[in-house]
Amino acid sequence: MVENSTEKTPNLDFNWKTIEEKWRVRWTEQKIFESECDSNKKKYFLTVAYPYPNSPQHVGHGRTYTLADVHARYKRMKNYNVLFPMGFHYTGTPIVSMSQRIKSSDSELIETFRKIYKIPDELIASFIEPKKIASYFHEEIKQGMKEMGYSIDWRREFTTIDKGFTTIDKGYSKLISWQFRNLRKNGLIVQGSHPVGWCPQDQSPVSQHDTIGDIEPELIEYDLVKFKFEDYIIPTATLRPETIFGVTNLWVNPDIQYVIALINNEKWIITKEASSKLEYLNLSVSVVSEIKGSELVGKFVFNQLTNARVPVFPASFVDPNNGTGIVMSVPAHAPYDYQAMIDLRKDDDTLKKYGISVDIKPITLIHTDEIPSNNSSPAERIIAQYSISNQNDHNDTKLEEATNKLYSAEFHAGKILPGIDIIGNLSVLKAREIIREKIIKEEIGTTMYELKNVVKCRCGTPCVVKLLTNQWFINYGDKNWKKLAYELVDNMEILPEEIRQEFKNVIDWLKERACARKSGLGTRLPWDNEWIIESLSDSVIYMAYYPLSKYISNDANLQENTDKVLADDLNDAFFDYVLLGKNDINVVARDSKISAELLERIKNEFLYFYPVDSRHSGRDLIPNHLTFFIFNHTAIFPKDKWPKQIVVNGSVLMEGKKMSKSLGNIIPLRQAIEEYGADPIRLTMLASSEILQDSDFSFDLVKGIRSKLNDIYRTVIAHKNIFTIAQNSLDHDELEDDWISSRIQRIVLETTSAIEKFRIREALHNILYLMDNDLQWYQKRKLAKKKSVCNNFLKEFLITRIKLLAPFAPFFTEEVWEIIGNKPFVGFESWPEVNDSKISLNSEDNEKLIQDMIFDIQKITKVTKIVPQKIMIYTASTTKSKLYKKLLDRIQKESTANFGVIMKELVNDDEIKDFVKRSPDLVRKMIEDILSESLDVRERRIKIDSFSEMIPLQDGISLLRNEIGNDKLEVRIYSEDDRDKYDPKQKSRFSRPYKPAIYIE
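Within any chain, residue numbers begin from 1 and follow the written order of that chain's sequence. Local features in this predicted model are restricted to residues whose pLDDT is 70 or higher, and side-chain atom pairs enter the listing and the counts only when it is 80 or higher, whereas totals over whole chains, interfaces and linings include all residues. Water and hydrogen atoms play no part in the side-chain values, which are based on all heavy atoms of the structure.

A. Summary view of the sheet that holds strand S4 (residues 204-205). Strands pair, by our definition, only if DSSP identifies at least two bridges between them. What counts as a helix is a DSSP run of H or I of at least four residues, what counts as a strand is a run of E of at least two, and both are numbered from the N terminus. Read across the open sheet, the 4 strands follow the order S4-S3-S17-S19; overall the sheet is antiparallel. This sheet does not close on itself; its edge strands, each paired only once, are S4 and strand S19 (512-514). Pairing of strand S3 (residues 189-199) with strand S17 (residues 464-475), which is carried by 9 bridges, proceeds in the antiparallel orientation. If you follow Gly192 over to S17, its bridge partner there is Gln471.

In structure tokens form, the structure reads like this:
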């Protein structure tokens, strides 16, 4: 219940559904989000990843788009001319694969559409046609975005697909063709043989957007070391070929069936799974027969590089799906191998079963200072360090951690011991290169690729690694191109800042990447029509199409003398002129069949809005889309058109768990809006975590935030009369008025700073909770003095709060803004500016002192059970105040608080030395007092020349009586320096600055 209301608070809540519809209609009718060139205003061009229309959006999808919308709305209020457009990404396999799954009666998918997204059966049945899927979900997603209140300029909407589909945007395909011809001209598109993630069913490369769950296929490049066994080759996959000199044995799984396969005229013993993988690497593979793993145990194989014979031992940990299913053991440098060897020595049953003994000794090859040398091997030392006793220990993460630590230490700082043949005294990295080259050259080794993660194509088929020949690749490994990418990353703003290194890491490891496939939707490769440009290659400069898109038409019946250009008439010269400023305007106008005037207008619009000022996306797209976005802009555009900022956010959890169909916690976005309202959903997505953290969404939090908004609504309604108060009737006589005025400025300052740094949770905490605390305190102070809260200070407070909340809760704030008598739209009002003249450093300490005093007295009475009749408050002496000031200056300037050092300085200070010598314990307590305060409070107090505690304490007596519940309570306030003070228990000697002493009778 709001105190000091001059009107009865109405018993009603905000009517979300009605209000949302009202403001959506007004925004659309008045076209307020349609952005045009305006030379009198600074522009701000903001984009967010366009969605795939292959399924509905759930609440987890909304976070990135909501963050972008908040950003757009904030910049409008900062007086920017904001362009926030949206397109739809049809390219690739997602739509076609979804259609194929419907066609094959995929029960899981059909049930998801039916039960979670409530799609009628007859509509699901129509999804066997890809265009029906795209059309339905395109409109579903678009409507959801409108219902969420996204301030999008929908005139610039486009889709990305090429011929063969009903809804096409030929203009977009022309742009992508232009992009690819430029990349090829610059030598950045090559044709060759490279490993790629591959769908055997679709017979096409796959990337993140082609897989179920949007999982990027991660490739591992193994070196296969060939060991000889009789007439057979036993290949082992390793990432550390330099350790071949330390091999003591091989591990096989005795319980699985291996195959003997003819591989390029050699007889290999490998798992069946490995033989299948090798076929995709363009090797000739023919399975001849099978052999049980147990038949190999106890046999000896020949190390062709060292000429050593090593035994084959059994190990159940060997996975037939990893590598070749046979592992070379280097127990000196592989913790897993070392622990397996120790465990086998203790396993008498296994030793007897196979008639083997484990008499081998680890062979140390590598030295690193990080793992100091003793008489034991590095693996043995780190096993001991992690207290690992068994390879099957339930806490198996310790073995993984030990392995990672040792591998990292040896890779970065390891050096091969001098006695090791061929590679002695070399770094691990150099040794690895030499051994890899040697075993391949001498044909005692080769290369094998496989997927690091389990990935399924959207058609449901498990993916593999295929070595493609004559495949088209974008060469992200080009060294000169990498330099440009590094330059852009170094010079652009990346939020949050800590993610910058992640971009650099991706630039480091990026190599050639397949850029085309032979199935799916998209733009044909301009010089090779058998290939279709894949989805992570045609979505990296599309932002440049937004300023152009409203001028480009696919309508073949386009009338002459319009402000449109026919997409069929676009050519490379058009894009060269508009996007790069090349070519003669009259020639381009003639060839594009448009007027020079229109051509110039299109070019000027591009030049006005470009470059991208901010790009929003999820963290999962750093390894691909976002980094490709950086690369391609440096390759295509001049530096003044490079993007200015990237904002990256984490994902969304549902009540602490990842959203999944199996957990039943997927909530369709539009369903959530229908039930709870858009603004509560928006705020919940943003308020539970800072931007890079995963947001923990829950409907309990949604309800809490909706309740908070309803409280704000009731407060505004209850005080509608204050919005008619004349501004010149402000009264600055009261301390709490100065304080609330100062707090408003402080909130504006801190909230603006938080938004600029994209600390969105902090900004919302200020608006929703800190401002509530401030209002409640202000009301308490006024009530205690029996004065009205209905004044210009409350008016300024409420107006500021509505404006600060406007980017986050647009429907709510538009409605409240209108209720208090303003014209629409609050989203185009100026963002609150800080008025430095209203910031009162003293006022913040005034109110804090009153708060602390009341809290301390309440704590004393609670502990002592005293019912106070008299309360004496004693402020610190002048000498203590001088000492406090000196200590504060000393601590802030020196950034240290060493008691001994400070005491040595103070005993030489003529002004306070006598006091300091008498009261060392008090000095220590004052230091502790200072250190217990935040840096902000310390800095504020340094700026205050003088502070009288007597004034606020006297002013707070009425509130103290209210809080104690005794109007007759006698309260006296003395300075410790007062000679005639009433102090029967000598309590005043315990007073310290900002810590008055208290005596209660």
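Now, onward.
B. Main features of helix H26 (residues 792-805). Taking 1.5 Å as the rise per residue, H26 with 14 residues should run 20 Å; its terminal C-alpha atoms sit 20 Å apart, in good agreement. The buried fraction of H26 amounts to 13 of the 14 residues, a majority that puts the element mostly inside the structure. Taking the backbone nitrogen of Phe793 as reference, a side-chain oxygen 3.0 Å away marks Asn791 as the first, capping residue of H26. The length a helix should cover is 1.5 Å for every residue beyond the first. For every residue, the accessible area (1.4 Å probe, protein chains only) is compared with the maximum for its type, and the residue is labelled buried under 20%, exposed over 50%, or partly exposed between those bounds. N or O atoms closer than or at 3.5 Å make up a polar contact, with two conditions inside protein: a donor-capable atom paired with an acceptor-capable one, and, for residues adjacent in sequence, both atoms drawn from side chains.

C. Highlighting the state of the cysteines. Disulfide assignment relies on a single distance test, namely cysteine sulfur atoms paired within 2.5 Å. Scanning the model with the defined rule gives 0 disulfides in all. The closest cysteine sulfur to the non-disulfide-bonded Cys457 is located on Cys199, 3.6 Å from its own sulfur.

D. Spatial organisation of unusual backbone geometry. Residue Leu495 is joined to Pro496 through a cis peptide bond whose omega torsion reads -5 degrees. Position of Pro496 relative to the elements: it lies in the loop between strand S18 (493-495) and helix H15 (500-509). Here Tyr610 and Pro611 are connected by a cis peptide whose omega angle stands at 15 degrees. Residue placement: Pro611 occurs in the loop between helix H19 (596-609) and strand S25 (614-618). Backbone geometry at Glu443 places phi at a positive 60 degrees, although glycine is not the residue there.

E. Up close: the nonpolar core. Ranked by internal contacts, the top residues of the largest apolar core, which has 226 residues, are Leu579 and Phe808. The criterion used for residue contact is that any of the two residues' heavy atoms lie within 4.5 Å. Setting aside anything within four residues of it in sequence, one finds Leu579 in contact with Leu175, Trp178, Ala544, Leu548, Phe606 and Phe637. Core analysis: the second largest hydrophobic core is formed by 55 residues, Leu250, Leu296, Leu344 and Tyr354 among them. What is meant by a nonpolar core is a set of buried Ala, Val, Leu, Ile, Met, Phe, Trp, Tyr and Cys residues, joined one to another through side-chain atoms within 4.5 Å.

F. Fine view of the pairing of strand S8 (residues 257-263). Burial within S8 is extensive, with 5 of its 7 residues counted as buried. Inspection of the sheet shows S8 paired to strand S10 (residues 285-292) by 7 bridges, in the antiparallel sense. Bridging from a neighbouring strand, Val259 pairs with Glu290 of S10. One ladder, built from 6 bridges, connects S8 with strand S9 (residues 266-271); its direction is antiparallel.

G. Local environment of the packing of aromatic side chains. When the centres of two rings from Phe, Tyr and Trp lie within 6.5 Å, Trp using its six-membered ring, the rings pair. Their planes under 30 degrees apart give stacked, over 60 give edge-to-face, and anything left gives tilted. One pass over the full model with this rule turns up 42 aromatic pairs. Aromatic side chains Tyr476 and Phe628 sit 4.7 Å apart centroid to centroid with 5 degrees between the ring planes, which places their arrangement in the stacked category. Here Tyr476, found in the loop between S17 and helix H14 (479-491), pairs with Phe628, found in helix H20 (residues 622-636); they are 152 residues apart in sequence, far enough to count as distant. On the basis of relative accessibility, which here comes to 0%, the residue Phe628 falls in the buried class. Among the aromatic side chains, those forming a connected cluster through ring pairs are Phe45, Tyr50, Phe158, Tyr172, Tyr542, Tyr545, Tyr546, Phe606, Tyr610 and Phe637. In this analysis the charged atom, NZ for Lys or CZ for Arg, is taken to sit over a ring once it is within 6 Å of the ring centre and within 35 degrees of the ring normal. For the cation-ring pair, Lys518 lies above Trp531, with the distance from its terminal atom to the ring centre recorded as 4.6 Å. Sitting over the ring of Tyr982, Arg972 keeps its end group 5.9 Å from the ring centre.

H. Looking closely at helix H1 (residues 16-29). Over its 14 residues, H1 runs 20 Å from end to end, which matches the ideal 20 Å to within 8%, given 1.5 Å per residue. Buried within H1 are the following residues: Trp16, Ile19, Glu20, Trp23, Arg24 and Trp27. Buried positions in H1, seen along its axis, are confined to an arc of 130 degrees and lie on one side of it. Among the exposed residues of H1, those pointing more than 90 degrees away from its buried face are Lys17, Thr28 and Glu29. Buried residues belonging to H1 abut helix H2 (62-77), helix H6 (130-147), helix H21 (669-676), helix H22 (678-687), helix H23 (699-718) and helix H27 (810-819). Directly beyond the C-terminal end of H1, a positive phi value near 50 degrees is found at Lys31. In this description, one arc is meant: the one made by directions from the helix axis to the C-beta atoms.

I. Just the packing of helix H17 (residues 572-580) against H19, in detail. Remark: H17 packs on H19, axes separated minimally by 8 Å, with the N-to-C direction vectors making an angle of 50 degrees. As far as their axial angle goes, H19 and H17 are oblique. Mapping the contact onto sequence places Phe574, Tyr577, Val578 and Leu579 in H17 and Leu599, Glu600, Ile602, Lys603 and Phe606 in H19. Axis geometry follows a simple rule: fit a line to the C-alpha atoms, using only the stretch in contact for helices, then measure angles between N-to-C directions, giving values from 0 to 180 degrees. Should an angle fall under 35 degrees it is taken as roughly parallel, and over 145 as roughly antiparallel, whereas 65 to 115 is taken as roughly perpendicular and any remaining angle as oblique.

J. The arrangement of the pattern of salt bridges in detail. For this analysis, a salt bridge means a side-chain nitrogen from Lys or Arg found within 4 Å of a carboxyl oxygen belonging to Asp or Glu. A full pass over the atoms with the stated rule returns 72 salt bridges. The shortest N-O distance in the salt bridge between Lys886 and Glu911 comes to 3.3 Å. With Lys886 in helix H29 (residues 878-894) and Glu911 in the loop between helix H30 (899-906) and helix H31 (913-918), this pair connects stretches of sequence that are 25 residues apart. Glu911 sits in the partly exposed class, given a relative accessible area of 47%. One network of salt bridges, in which partners are shared, links Glu734, Glu736, Asp737, Arg781, Lys782, Lys785, Lys787, Glu847 and Asp955.

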